[in-house]
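Structure at a glance
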Amino acid sequence: MGHHMAQDQRFRAPRGTYDVLPPESWQWLALMRTALDTFARAGYRPIETPMFEHTEVFERGVGATSEVVTKQMYTFTDRGGRSLTLRPELTAGVVRAVVEHDLGRGSLPVKLAYAGPMFRQERPQKGRYRQFWQVGIEALGSDEPDVDAEIVEVGDRFLRSCGLEPTLVLNSIGHPDESCRLGYNKVLGEFLDENRDALAPEDRARIATNPLRTFDSKEARTIEVMTRAPLISEFICDACRSHFEAVKHSLSVLDVAFTIDPRLVRGLDYYTRTAFEFVSEGLGSQNAVGGGGRYDGLSEQLGGPPLPAIGFSLGVDRILLARGESAEKFAVPGVSVYVVALGATARSRALSLATELRRAGIGADLDLAGRGMKGQMKDAARSGARWAAIVGEKELAAGEVTLRDLESGEQERVPLTGVVGKVQA
Ligand code: HAM
């Protein structure tokens, strides 16, 4: 009876979260490791920041009109009465750290990379979770268009190395000034006011606070209206326009294909000038595998010096979903030798042999559950090991093991003391 109760009350991971279990866990981890490798080879060095920050970092950084801040943050008060928030993204935290430690004083741009979990209380669906993982890079301290091109190229190349064929969507959203985006916002606001009744009701409230965001609406009525909306590309200032031209030119020189979408606005308030997204097939509505852009004013918004910057984050969960089953697996470490022991005496030597192999840097595993010969051979095959080191009474008496090549099926007797050398060769 009590047993059944316990069964019914088993815990589940919280809604929108999931456990990453073997063997997929290796692919998941290898993807992040490969990303950091790729980023390091372009000069981006890893940074770790806390999983939570003062809530204000995100309110001021990500922005008070973004959905991430207004609807999705995991905010709590700690025992000291401080308002803290689990990081919904890392750009604001990275800038906070760069400002706090004055990293902008050194040689510029400061180039940083990261991989880790983020938290957003969104409605869960395929490709959208409440805890998800991102890899990303940020370059702070230069507004050179070539930084934009470098960043975009690194992201594009990494996604392709994962087996994806993303579409790179590009736009410039100018800078917040009357001569540029703020001027456009007015024109767009007027257009939205004129078409107020045609918009979906939930999109009307935002007109005054952040008209640009209306381009992100998923409502069919609103999308129809927005096909007729004035476009930011016609309003950005000359400096932003020529910056964007230079970015596009550099990308063409690098042979990075892109499409321009003047309706791409991105969901976070800190963006200026270049904004981009990597879109992948086969993911349904959550088809953005990554996104990024410039955020030239963020450092100052967080109390730091002027540090024009750009970066991107890629969704690890979505990359793995988009890769599917067919994609080539990442190479991961495993065991090379599986020790199979028959009989009590041999069993008592099996752990010693496995340990000797491990001490020599060779991956080794063994049966620790008392399985028979057949079961152990099955485990050996499942382990992915290249060799089975079989120790029976006969072998033991002769001070030998039978080393079977699990790929070819060939086997030979080798002295116990020679296993390490044989496997290393
Ligand atoms: P973001 O567009 O909010 O940008 O997120 C980047 C990527 O993270 C998305 O394209 C998606 O692949 C993934 N992602 C976002 N939310 C979820 C979710 N709930 N579940 C699964 N995956 C998700 C940023 O976060 C910015 N920090 C990017 C950036 C860096 N901009 C400048 N530097």
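To be clear, the structure that these remarks concern was listed above.
These notes cover the structure that comes with them. Along each chain, residue indices are assigned from 1 in the same order as the chain's sequence is written. Confidence filtering applies because this is a predicted model: local features only for residues at pLDDT of at least 70, side-chain atom pairs given and counted only at 80 or more, and all residues used for totals across whole chains, interfaces and linings. Heavy atoms throughout the structure, all of them, feed into the side-chain values; hydrogens and water do not.

**Regarding the pairing of strand β6 (residues 131–140)**
Regular strands show a simple pattern: their side chains alternate between the two faces of the sheet. Categorising residues by exposure relies on relative accessible area from a 1.4 Å probe, with only protein chains included: less than 20% of the type maximum marks a residue as buried, more than 50% marks it as exposed, and the intermediate range marks it as partly exposed. A run of H or I in DSSP counts as a helix once it spans at least four residues, and a run of E counts as a strand once it spans at least two, with each numbered from the N terminus. For β6, the buried fraction is high: 9 of the 10 residues fall into the buried class. Sheet topology places strand β5 (residues 110–119) next to β6; 10 bridges connect them, and they run antiparallel. Its bridge partner being in β6, Ala113 is matched across the sheet by Ile137. Strand direction decides the pairing type here: β6 and strand β11 (residues 309–315), joined by 7 bridges, are antiparallel. Across the sheet, the residue bridging to Val135 is Leu314, located in β11. One bridge is not enough; two strands pair if DSSP finds at least two bridges between them.

**Quick look at the pattern of salt bridges**
Oppositely charged side chains can form a pair if their charged atoms are brought close together. Criterion for a salt bridge: a side-chain nitrogen of Lys or Arg within 4 Å of a carboxyl oxygen of Asp or Glu. Applying the stated criterion to the full structure yields 27 salt bridges. Here the salt bridges do not stand alone but share partners, grouping Glu53, Arg96 and Glu100 into one network.

**Some thoughts on the site of the ligand**
Whether a residue is near a molecule or strand is decided by its heavy atoms; if any one of them lies within 4 Å of it, the residue is near. In the neighbourhood of the ligand, 27 residues make up the surrounding shell, with Glu89, Glu122, Tyr129, Glu138 and Tyr271 lying closest. Within the side chain of Glu138, one N or O atom sits 2.8 Å away from a nitrogen atom of the ligand. Within 3.5 Å is the distance limit for a polar contact, defined as a pair of N or O atoms, with the added protein rule that one can donate a hydrogen and the other accept it, and that residues adjacent in sequence qualify only through two side-chain atoms. Note that an oxygen atom of the ligand is positioned 3.2 Å from one of the backbone N or O atoms of Val289. Contact with the protein chains covers 95% of the free accessible surface of the ligand, which is 660 Å². Here the element with the most residues in the shell around the ligand is strand β10 (residues 288–294); it accounts for 6 residues. Residue-level accessible areas treat just the shown protein chains as cover; the underlying method is Shrake-Rupley with a 1.4 Å probe.

**Quick notes on the state of the cysteines**
Throughout, a disulfide means two cysteine sulfur atoms within 2.5 Å of one another. A complete count under the given rule lists 0 disulfides for this structure. Looking at Cys237, it has no disulfide partner, and the nearest cysteine sulfur is the one in Cys240, 3.7 Å off. Cys237 sits in the buried class, given a relative accessible area of 12%.

**Some remarks on the sheet that holds strand β4 (residues 83–86)**
Judged by pairing direction, the sheet is antiparallel, and its 3 strands sit side by side in the order β2-β4-β3 without closing on themselves. Each end of this open sheet is capped by a strand with a single partner; those strands are β2 (52–54) and β3 (75–77). With strand direction ignored, the average angle separating the axes of adjacent strands in the sheet is 35°. Bridge analysis of β3 against β4 gives 3 bridges, and the strand direction is antiparallel. For Phe76, the partnering residue across the bridge sits in β4 and is Leu84. Axes, fitted as lines to C-alpha atoms, cover a helix only where it is in contact. Angles between the N-to-C directions of the axes lie from 0 to 180 degrees.

**Brief notes about a nonpolar patch on the surface**
Here a patch means residues that are over 30% exposed by relative accessible area and free of salt bridges, tied together within 9 Å if like-charged and within 5 Å if nonpolar (Val, Leu, Ile, Met, Phe, Trp, Tyr). Taken together, the side chains of Trp26, Leu29 and Val332 present a nonpolar region at the surface, about 230 Å² in accessible area. Note on placement: Trp26 falls in helix α2 (residues 24–40).

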